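# Per-entry structural report
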Amino acid sequence: MKLMINAPIPHLDLVSHLNQHLVLAHLLEGEYLEFYERQRESGAYIVLDNGVVETGTPQIDKAKVEALRPHEVVAPDYLYDAERTCEESAKFAALIRSEFPTTKIMCVPQGNSPKEYMECLKVFVDAPWCDVIGLGKAASLALTPKEARPKQPMPAFVVAGRHRALTYLMEVGAEIPVHILGLGHPNELRVYGAFPNVRSVDTSWCFRVVQERAVTDFHKRLSPHQLVKSKELMTFLESMCK
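This report concerns the structure included in the present document.

Cut-offs applied
- Residues numbered from 1 in each chain as written.
- Predicted model: local features only at pLDDT ≥ 70, side-chain atom pairs only at ≥ 80, totals over all residues.
- Heavy atoms only, no water.
- Helix = DSSP H or I, 4+ residues; strand = E, 2+ residues; numbered from the N terminus.
- Expected span 1.5 Å × (residues − 1).
- Buried < 20%, exposed > 50% of the residue type's maximum accessible area, 1.4 Å probe, protein only.
- Arc of directions from axis to C-beta.
- Contact = heavy atoms within 4.5 Å.
- Axes fitted to C-alpha atoms, helices over the stretch in contact; angles between N-to-C directions.
- Parallel < 35°, antiparallel > 145°, perpendicular 65-115°, else oblique.
- Left-handed = near helix turned anticlockwise from the far one by under 90°.
- Nonpolar A, V, L, I, M, F, W, Y, C, P; charged D, E, K, R; others polar.
- Pairing = 2+ DSSP bridges.

## Focus: helix α10 (residues 224–240)
An ideal rise of 1.5 Å per residue puts 24 Å on 17 residues; α10 measures up with 25 Å between its terminal C-alpha atoms. Along α10, the residues classified as buried are Gln226, Ser230, Leu233, Met234 and Leu237. For α10, the buried positions fall inside an angular range of 110° around the axis, keeping them on one side. Within α10, the exposed residues directed more than 90 degrees away from the buried face are Pro224, His225 and Thr235. Looking at the packing, one finds that the buried side of α10 touches β1 (2–5), α8 (188–192), β8 (198–203) and α9 (205–211).

Here's what the structure looks like:
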């Protein structure tokens, strides 16, 4: 399983040794863009995320793809909206296929019920323009009925939702690769590692934990003590993904 670690901008050097990266669309400028351009040029595999988790709406467009020239890009998805997600993903894929024919497309299923989510997943599995399935945190909550669904992506519900989606893919014999968008905790790797479809995972866990925040602050410089702890957690994560 390939590991992509999302580091705060002041500490991008900590991930320069990795051979694959998930790049956040809403940060794509200046030092951040330049770092990942260099990583791409050095041979690293680059995935450009759509930024919906961080901003609430997809931030991906042709200009950002053209600026970074990633190997893979995450199509737009809209939380709990299967119909719009399928429609906008198809439109985006057509644009990318025409302008950047070698760029792969990752699609993130959505829905407001288990039935809607699974139908969206099936659309993407069958679509010739979808190369990779992305299983997000909040998106996976759709696999929990609304009456029991937590307002925030609690780990147990997220893992259960992703497990159900991965089980479906295994049962139907789908060979499409899967990327886990936003690993909440290293323990989840024990679950996802049981599924051969899971190609990769991204996370900022080793920075979010030391910042003691619910969401990683990608602009904040860590203290010397935090930096040491983050390096230790990175080493631990990398050892689990070997």
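## Structural notes on the packing of helix α4 (residues 82–99) against helix α5 (residues 114–126)
The contact between α4 and α5 brings their axes to 9 Å, and the two run at 15°. When the axis of α4 is compared with that of α5, the two are roughly parallel. The hand of the α4/α5 crossing is right-handed. Residues Ala82, Thr85, Cys86 and Ser89 of α4 form the contact with α5, whose own contacting residues are Glu116, Cys120, Val123 and Phe124.

## Here we look at the environment of Lys146
Turning to its location among the elements, Lys146 is positioned in the loop between α6 (137–140) and α7 (155–171). Sequence separation of Lys146 and Lys64 is 82 residues, and the distance between their C-alpha atoms is 35 Å.

## Quick look at the packing of α5 against α7
Orientation of α5 relative to α7, taken along the N-to-C sense of each, is 45°, at an axis distance of 11 Å. Between α5 and α7, the angle is such that the two are oblique. Judged by the sense of rotation from one axis to the other, the crossing of α5 with α7 is right-handed. Of α7, the residues touching α5 (which contributes Pro114, Tyr117, Met118, Leu121, Lys122 and Val125) are Arg164, Ala165, Tyr168 and Leu169. A breakdown of the residues in the contact of α5 with α7 according to their chemical character gives eight nonpolar, no polar and two charged.

## Notes on the sheet that holds strand β2 (residues 20–23)
Picture the strands of a sheet paired through backbone hydrogen bonds; they go either parallel or antiparallel. Taken together, eight strands build an open sheet; the order of strands is β1-β8-β7-β6-β5-β4-β3-β2 and the sheet is parallel. The outermost strands of the open sheet, each flanked by one partner alone, are β1 and β2. Strand-to-strand, the axes of this sheet are offset by a mean angle of 25°, without reference to chain direction. Relative to β8, β1 is paired through four bridges, and the arrangement is parallel. Opposite Lys2, over in β8, you have Ser200 as the bridge partner.

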